[in-house]
Protein chains: 2
Amino acid sequence: MGSSSAAPWKQLLIGSIQANSHLKHYSYFQLATISPNSRPSNRTVVFRGFQDESDRILINTDTRSRKIDDLKHCPFAEICWYFTESWEQFRISGPVDVIDGMNPDPVKLQQREKSWFACSLRSRMQYMAPTPRVSVYEQPSQTQTPSLDPSIGPVGAFCLLVLDPDQVDYLNLKTNERLIFTSGLGVDGEKLWTSQNVNP
Amino acid sequence: MGSSSAAPWKQLLIGSIQANSHLKHYSYFQLATISPNSRPSNRTVVFRGFQDESDRILINTDTRSRKIDDLKHCPFAEICWYFTESWEQFRISGPVDVIDGMNPDPVKLQQREKSWFACSLRSRMQYMAPTPRVSVYEQPSQTQTPSLDPSIGPVGAFCLLVLDPDQVDYLNLKTNERLIFTSGLGVDGEKLWTSQNVNP
């Protein structure tokens, strides 16, 4: 058991990302939330990097998707990220900040804009598609591809999620090692991480 | 929109399993549950087939793992199964039956025994390992590998989970198609599936 203010699991995760980066799906993970009907919900999303120099994880989503309702009902999520090449699993748990275009914080709106411009044009186009989960007969796809000015900022449906990890459970199926990282608060109120080597 | 008593998503899933079966991780999916502290929980587990001829999904687990506490608190789970080769995602939701050695139903105990013998000896040995999540210093691994008689039935820690799907959300990222399958009850009380073609 040790303690550290820098997230000790972050370096481990960066190593796994690098070891698996030749695979198209290396950046895909599963995000679990709780639905308003109190049932668990689970879907694949894409890792969009860390927020600046922090250990907070960025995910882009559509404001019209159900995970927004889930997170408004219960703000906690757990990521399960399995790396198929290195046989490592990270379970990353914490509260999620939902940043849509109506957010009153100008710093957060700036972060949302930054994430928008970091997306490919093809990714940005998805936020202009017909409403998810609506019948294709009720709301068919446009036959003409809508055009999008690359210099235009985020459209209304674009939403940034920021997951602030408070526990990380790391499992290595090759070495059979498991480490649990837990965050607490230091004397100056800063996030402090402790880790424990446990049985898999 | 159509309706059917045979699960129409099952054939789709079997097709995806076959298309991805050359990959070691094809049978791994993420199972989301709700913890007793009302936070979502998510981990990778292994598909162990369907229960007999039904559409119910089998998963083996350790009675000492946290998902058992989760499922006793809230019996619902959602599987997220992403196929990395065919770019297909199945989100399979429903209640889970937890079958451990104390189960009073002899038919369920028989199903548990069947699942035990379907496991490799190596897999069976995992249920004799030190308690998961306990510090390796408190409860170190045995230096001598315990021996296991292949004819002996399930050990106490072996637990069978049976997920009974009531909704399946299928997404194909190559064709950009999404189908939502929902179960209801037919006039004779049998499970009846309807499907809807929706926007991704």
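Residues numbered from 1 in each chain as written. Chains lettered and ligands numbered in written order. Predicted model: local features only at pLDDT ≥ 70, side-chain atom pairs only at ≥ 80, totals over all residues. Heavy atoms only, no water.

Colleague: Talk me through the overall build of chain A; I want residue IDs and the actual numbers.
Modeller: Along chain A, the regular secondary structure elements total four helices and 10 strands. When the elements of chain A are put in sequence order from the N terminus, they spell out β-α-β-β-β-α-β-β-α-α-β-β-β-β. Taking 200 residues into account, the globule formula puts the C-alpha radius of gyration at 16 Å, and chain A, at 18 Å, falls close to it. On the principal axes, the C-alpha backbone points of chain A span a range of 55 × 40 × 35 Å. In chain A, buried positions account for 48% of the 200 residues. Partitioning the intrachain contacts of chain A with sequence separation of at least 6 by distance along the chain shows that 64% fall at a separation of at least 24. Working note: accessible area of chain A is about 9,700 Å², and carbon and sulfur atoms make up 51% of it. Each charge class in chain A can be summarised by its mean position, and for the 20 positive and 21 negative side chains these summaries are 7 Å apart. (Helix = DSSP H or I, 4+ residues; strand = E, 2+ residues; numbered from the N terminus. Rg over C-alpha atoms; globule rule 2.2 N^0.38 Å. Buried < 20%, exposed > 50% of the residue type's maximum accessible area, 1.4 Å probe, protein only. Contact = heavy atoms within 4.5 Å. Areas by Shrake-Rupley, 256 points an atom, 1.4 Å probe, with all protein chains shown as cover. Lys, Arg positive; Asp, Glu negative; His and termini not counted. Charge placed at Lys NZ, Arg CZ, Asp CG, Glu CD.)

Colleague: Provide a residue-level description of the side chain of aspartate 55 of chain A, including the pertinent values.
Modeller: Residues and elements named next belong to chain A. Here aspartate 55 lies in the loop between β3 (40-46) and β4 (57-62). Among the polar contacts listed, one links the side chain of aspartate 55 to the side chain of lysine 191, at a separation of 3.4 Å. Of the polar contacts made by the side chain of aspartate 55, one reaches the side chain of tryptophan 193; its length is 3.4 Å. Sequence-distant contacts of aspartate 55, defined by excluding residues within four places in its chain, comprise Ala7, Trp9, Lys10, Phe50, Asp164, Pro165, Lys191 and Trp193. (Polar contact = N/O pair within 3.5 Å; in protein donor to acceptor, adjacent residues only side chain to side chain.)

Colleague: Give a description of the relation of the copies chain B and chain A that names residues and reports values.
Modeller: Turning chain B through 180° and shifting it by 0.0 Å along the axis lays it on chain A, with an RMSD of 0.0 Å. Taken together, the rotation and translation relating the two chain copies correspond to the operation of a two-fold axis. Relative to the rotation axis, the closest C-alpha in chain B is found at alanine 32 of chain B, a distance of 3.0 Å. Comparing interface residues between copies, 100% of those in chain B also sit at the interface in chain A, which points to an isologous, same-surface contact. (Least-squares fit on C-alpha atoms with pLDDT ≥ 70 in both.)

Colleague: Tell me about the interface of chain B and chain A, residues and numbers included.
Modeller: Listed by partner, the interface residues are 48 residues for chain B and 48 residues for chain A. Of the roughly 3,800 Å² buried at the junction of chain B and chain A (both faces included), carbon and sulfur atoms supply 51%. Inspection of the chain B/chain A interface yields four salt bridges. Across the pair arginine 39 of chain B and aspartate 166 of chain A runs a salt bridge, and its minimum N-O distance is 2.9 Å. Linking chain B to chain A there are 26 residue pairs in polar contact (both at pLDDT 80 or more). Listed by contribution, the elements that provide at least two residues to the side of chain B that touches chain A are β2 (28-34), β3 (40-46), β5 (76-83), β6 (88-99), β8 (167-172), β9 (177-185) and β10 (191-198) of chain B. Tallied by class, the residues present in the side of chain B that touches chain A amount to 20 nonpolar, 19 polar and nine charged. (Buried area = accessible area lost by both parts, 1.4 Å probe. Salt bridge = Lys/Arg side-chain N within 4 Å of Asp/Glu carboxyl O. Nonpolar A, V, L, I, M, F, W, Y, C, P; charged D, E, K, R; others polar.)

Colleague: For helix α2 (residues 66-73) of chain A, give the residues involved together with the corresponding values.
Modeller: Residue and element names in this part refer to chain A. Of all the residues in α2, the buried ones are Lys67, Ile68, Asp70 and Leu71. Taken end-on, α2 shows its buried residues confined to a sector of 160°, consistent with a single buried face. The elements touched by buried residues of α2 are β2 (28-34), β3, β4, β5 (76-83), β6 (88-99) and β7 (158-163). (Arc of directions from axis to C-beta.)

Colleague: I'd like a description of the packing of aromatic side chains, backed by residues and values.
Modeller: Residues and elements named next belong to chain A. Overall, the coordinates contain 24 aromatic pairs over all chains when judged by the stated rule. Considering the side-chain rings of tryptophan 116 and phenylalanine 158, the 5.2 Å spacing of their centres and the 75° angle between planes classify their relative orientation as edge-to-face. On the criterion of sequence distance, the pair formed by tryptophan 116 in helix α3 (residues 106-118) and phenylalanine 158 in strand β7 is long-range, its members being 42 residues apart. Taken as a pair, tryptophan 116 and phenylalanine 158 share a single burial class, namely buried. (Phe/Tyr/Trp six-rings, centres within 6.5 Å; stacked < 30°, edge-to-face > 60°.)

Colleague: Break down unusual backbone geometry for me, with residues and values.
Modeller: Residues and elements named next belong to chain A. Despite not being glycine, serine 38 shows a phi value in the positive range, around 65°. Relative to the helices and strands, serine 38 is located in the loop between β2 and β3. Not every positive phi belongs to a glycine, and arginine 133 is a case in point at roughly 75°. Mapped onto the fold, arginine 133 is located in the loop between α4 (121-125) and β7.

Colleague: With reference to specific residues and values, describe the side chain of serine 54 of chain A.
Modeller: Residues and elements named next belong to chain A. If you trace the backbone, serine 54 turns up in the loop between β3 and β4. Its relative accessible area of 16% is what places serine 54 among the buried residues. A polar side-chain atom of serine 54 sits 2.7 Å from the main-chain carbonyl oxygen of glutamine 51. Separated by 3.0 Å, the side chain of serine 54 and the backbone nitrogen of arginine 56 make a polar contact.

Colleague: An account of the pattern of salt bridges is needed here, citing residue identities and associated values.
Modeller: All chains considered together, the criterion is met by 21 salt bridges over all chains. In this structure, aspartate 169 of chain B engages arginine 133 of chain A in a salt bridge whose closest nitrogen and oxygen atoms are separated by 3.5 Å. Of this pair, aspartate 169 of chain B sits in strand β8 while arginine 133 of chain A sits in the loop between α4 and β7, on two different chains. Residue classification places arginine 133 of chain A among the partly exposed residues on the basis of a relative accessible area of 23%.

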